[in-house]
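# Examination of the molecular architecture
Here are the chains, one letter per residue:
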Amino acid sequence: MAGGPEIERLVLLLAKLPGLGPRSARRAALFLLKRRALVLEPLAAALADAAAKVRPCSRCGNLDTIDPCQLCRDERRDGSILCVVADVADLWAMERSGAFRGRYHVLGGLLSALDGVRPDDLAIGRLVERVAGEGIEEVVLALNATVDGQTTAHYVAERLEATGVRVSRLAHGVPVGGELDYLDEGTLAAALRARR
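As the structure is a computational prediction, the values presented were derived from the model and not from experiment.

Rules and cut-offs
- Residues numbered from 1 in each chain as written.
- Predicted model: local features only at pLDDT ≥ 70, side-chain atom pairs only at ≥ 80, totals over all residues.
- Heavy atoms only, no water.
- Helix = DSSP H or I, 4+ residues; strand = E, 2+ residues; numbered from the N terminus.
- Buried < 20%, exposed > 50% of the residue type's maximum accessible area, 1.4 Å probe, protein only.
- Contact = heavy atoms within 4.5 Å.
- Areas by Shrake-Rupley, 256 points an atom, 1.4 Å probe, with all protein chains shown as cover.
- Lys, Arg positive; Asp, Glu negative; His and termini not counted.
- Charge placed at Lys NZ, Arg CZ, Asp CG, Glu CD.
- Salt bridge = Lys/Arg side-chain N within 4 Å of Asp/Glu carboxyl O.
- Polar contact = N/O pair within 3.5 Å; in protein donor to acceptor, adjacent residues only side chain to side chain.
- Core = buried A, V, L, I, M, F, W, Y, C linked by side-chain atoms within 4.5 Å.
- Pairing = 2+ DSSP bridges.
- Axes fitted to C-alpha atoms, helices over the stretch in contact; angles between N-to-C directions.
- Right-handed = clockwise from strand over helix to strand, strands pointing away.

Along the protein, the regular secondary structure elements total eight helices and six strands. Viewed in the frame of its principal axes, the protein has a C-alpha envelope of about 60 × 45 × 35 Å. Within the span of the protein, comprising 196 residues, buried residues form 30% of the whole. Taking the intrachain contacts of the protein between residues at least 6 apart in sequence as the baseline, contacts between residues at least 24 apart amount to 46%. Approximately 12,700 Å² of the protein is accessible, and the part contributed by carbon and sulfur atoms is 56%. Each charge class in the protein was averaged separately, 26 positive and 26 negative side chains, and the resulting centres sit 6 Å apart.

Pasting the structure below:
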C-alpha cells in the first residue's frame, strides 16, 4: 500500500469495523485524510471523548456517560416491565421503534455452545436479582429468532420461573410489508403457529 505506517494502521483499524473490509477501509481512510479538518479531527476528538466518558450502566448494561443511564433514570418509564435484550445494539433498536416504554436489561450476548458462551458469561444472575428486587411484573424476552437466541430465551425463562414473574417473547413471523412468496419456510411456519 502506498503511504506510511500511520496510514496503514488507520486502514487496519478501520477494517475492523463491522461492514468494512480492506477495500472499504482504504476508501474511508482516504476520505478522512482528505477532509482532515472537517471530518478526521472532529471524529478523533469524538472517539477520544467517548473512550474517556462512556461506560456501561451498572443497572441495565446500556452505554451512557452517566450511571445509572438516562433510560434507568427516566421516571416516565414503566418500572414494572423489563425488556431483556442480548446487547446494546438491540436496546437501541427497540428505542428507535418508540414502541417500548419500560426498562431494559442487557445480557451481554447469547448462550452459544459453539462460541463457548456459558450462562456465567452473561448477566443472567443479575437479571434474576433485578426481577426479585425491583417489583418487576413482566419480562419481555426480545432475543434473536436464531438457535442461540431461542436457547438463551428458554434458559432465561427457566431461571425466572421461581420468581413468579410473567415472561413473554416477541412475536415471530411475517414482517410488515413482507410478501409471502419471499419468506423462508421457518418464518412462515412460525407466523402460522403464532396466528391470532
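Moving on: the pattern of salt bridges. Counting across every chain of the model gives nine salt bridges. The shortest N-O distance in the salt bridge between Arg59 and Glu134 comes to 3.3 Å. Placement of the pair is Arg59 in the loop between strand S1 (55-56) and strand S2 (63-64) and Glu134 in the loop between helix H6 (124-133) and strand S5 (138-141), with a sequence separation of 75 residues. Note on Arg59: relative accessible area 26%, which makes it partly exposed. In this structure, the salt-bridge partner of Arg126 is Glu129, at a minimum N-O distance of 3.7 Å. Here Glu129 and Arg126 lie together in helix H6, a separation of three residues that amounts to about one turn.

On to the environment of Thr146, then. For Thr146, the location among the structural elements is in the loop between S5 and helix H7 (147-160). Residue Thr146 is classed as partly exposed on the basis of its relative accessible area of 39%. A polar side-chain atom of Thr146 sits 3.0 Å from the main-chain amide nitrogen of Gly149.

Another aspect to go through is the nonpolar core. Formed by 19 residues in total, the largest nonpolar core has its most connected members in Leu107, Leu127, Val131, Val139, Val156 and Leu160. Here the element with the most residues in this core is H6; it accounts for four residues. Setting aside residues no more than four positions away along its own chain, Val156 makes contact with Leu107, Ile124, Leu127 and Leu141.

What follows concerns the sheet that holds strand S3 (residues 78-85). Backbone hydrogen bonds hold the strands of a sheet together, and the pairing may be parallel or antiparallel. Strand order in the open sheet made by the four strands is S4-S3-S5-S6, with parallel pairing throughout. With partners counted over all chains shown, the strands left at the sheet margins are strand S4 (102-106) and strand S6 (166-169), one partner each. For this sheet, the mean inter-axis angle between neighbouring strands, taken without regard to orientation, is 25°. Here S5 runs beside S6; their pairing, made up of four bridges, is parallel. Its bridge partner lying in S6, Val139 is registered against Val167. Its contacts with the sheet place helix H5 (residues 88-97) against S3 and S4, and it is angled at close to 160° to S4. On top of the sheet, H7 reaches S5 and S6; it is set at about 170° to S6, its chief contact.

Among the eight residues that make up S3, six are buried, leaving the element largely enclosed by the rest of the structure. Bridging between S3 and S4 involves five bridges; their strand directions are parallel. What sits directly across from Val84, in S4, is His105. Considered for its hand, the β-α-β crossover made up of S3, H5 and S4 is right-handed. Pairing analysis gives four bridges linking S3 to S5, with the strands arranged parallel. The residue of S5 that forms the bridge with Cys83 is Val140.

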